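Descriptive analysis of the structure
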Amino acid sequence: MTCPTNQSEALTFYAALNLPVTPVRPTEKKGRLTGWSVNSKGASAQEFRPGDNIGVLNGTVVADGYVFHDIDIDINTDQARSIIEELLPPTGWRYGRASKPRSHANYLVRGACRTRRYVGVDGKVIIELRGVTQKKTHTLSVGPGSTHTTGEPIRFIEPLTPIGRVENPEDF
């Protein structure tokens, strides 16, 4: 699988995998289109403007009852990040930016998981499982083919291997 490096390649990549996406303004983390969080089909490539980031919709059924989820790892030390990575199921879909290259892990889960945040002793979120909200709406993650608010490109870790699959949502 070839890793997308720009908006056009990424939109083609996500469409081929039936992953719904929505446009996100470059400096924001919310969808630009009204109703994005309740639209399971996502937006068409024509709805993206040059410079828009790509929000991948979490909590959407992709195929055969599997639902797309993202885990956002907000830990700033390599040692703590490696411990969390050991605790997570394996996946070939890891991405981030140059300063935090492995800050996201993607999975297909048989069934939807509710979004959950785990905080450290300082009260800051250290890991977040992104799925559906309590109101059963989608969350999004700004994905590869986009630019982080720091100006760094967001990219998959190469080589891109099959996405992790989790049979039981309770395993998260």
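You'll find the structure just up there.
Figured I'd write up the structure that's included with this text. (Residues numbered from 1 in each chain as written. Predicted model: local features only at pLDDT ≥ 70, side-chain atom pairs only at ≥ 80, totals over all residues. Heavy atoms only, no water.)

Tyr14, Val21, Ile54, Phe68, Trp93 and Phe156 are the most contacted members of the largest nonpolar core, which has 26 residues in total. If you list the elements that add at least two residues to this core, you get α1 (7-16), β1 (21-24), β2 (53-58), β4 (66-73) and β9 (139-142). Residue contributions to this core peak at 4 residues, all from α1. Those residues in contact with Phe156 that lie beyond four places of it in its chain are Cys3, Pro4, Phe13, Tyr14, Trp93, Arg94, Tyr95, Asn106 and Pro144. With 13 residues, the next largest nonpolar core counts Ile84, Ala105, Val109 and Val166 among its residues. (Core = buried A, V, L, I, M, F, W, Y, C linked by side-chain atoms within 4.5 Å. Buried < 20%, exposed > 50% of the residue type's maximum accessible area, 1.4 Å probe, protein only. Helix = DSSP H or I, 4+ residues; strand = E, 2+ residues; numbered from the N terminus. Contact = heavy atoms within 4.5 Å.)

The next point concerns the sheet that holds β2. With antiparallel pairing, 3 strands are arranged side by side in an open sheet as β1-β2-β9. Looking at the sheet topology across the chains shown, the edges are occupied by β1 and β9. Each strand of the sheet is rotated relative to its neighbour by a mean of 40°, with strand direction disregarded. With 4 bridges joining them, β1 and β2 adopt antiparallel strand pairing. In the sheet register, Val24 faces β2, and the bridge partner there is Asn53. Across the face of the sheet, α1 comes into contact with β1 and β2 while running at roughly 20° to β2. (Pairing = 2+ DSSP bridges. Axes fitted to C-alpha atoms, helices over the stretch in contact; angles between N-to-C directions.)

The subject of this paragraph is the pairing of β2. Counted residue by residue, β2 has 6 buried out of 6 residues, so it is predominantly covered. Where burial is concerned, the two faces of β2 agree: the one with Asn53, Gly55 and Leu57 and the one with Ile54, Val56 and Asn58 are both buried. Note that β2 and β9 share 4 bridges and pair antiparallel. Paired with Asn58 across the two strands is Thr139, which belongs to β9.

Here we come to the environment of Ile71. Assignment of secondary structure puts Ile71 in strand β4. Sequence separation between Ile71 and Arg94 is 23 residues, and the spatial gap between their C-alpha atoms is 9.5 Å. Contacts of Ile71, omitting those with residues within four sequence positions, involve Leu88, Ser103, His104, Ala105, Tyr107, Ile127, Glu128, Leu129 and Phe172.

Approximately 580 Å³ is the volume found for the largest pocket. Contributing to the lining of the largest pocket are 29 residues, with Lys29, Asp72, Glu128, Arg130 and Leu140 lying nearest its centre. Put simply, the parts of the chain that give the lining of the largest pocket at least two residues each are β4, β5 (94-97), β6 (100-110), β8 (125-130) and β9. Among the elements that make up the lining of the largest pocket, the one with the highest residue count is β9 (4 residues). (1 Å grid on protein atoms, 1.4 Å probe; cavity = no way out; pocket = protein on both sides within 12 Å on 5 of 7 lines; lining within 4 Å. Points joined across faces, edges and corners; volume = space filled by probe spheres on them.)

Further remarks concern unusual backbone geometry. Each neighbour pair has its own omega, and for Glu158 with Pro159 the value is -5°, a cis peptide bond. Relative to the helices and strands, Pro159 is located in the loop between β10 (155-156) and β11 (164-166). Positive phi, normally seen in glycine, also occurs at Lys136, with a value near 65°. Following the sequence through the fold, Lys136 ends up in the loop between β8 and β9. Exposure remark for Lys136: the relative accessible area of 65% places this residue in the exposed category.

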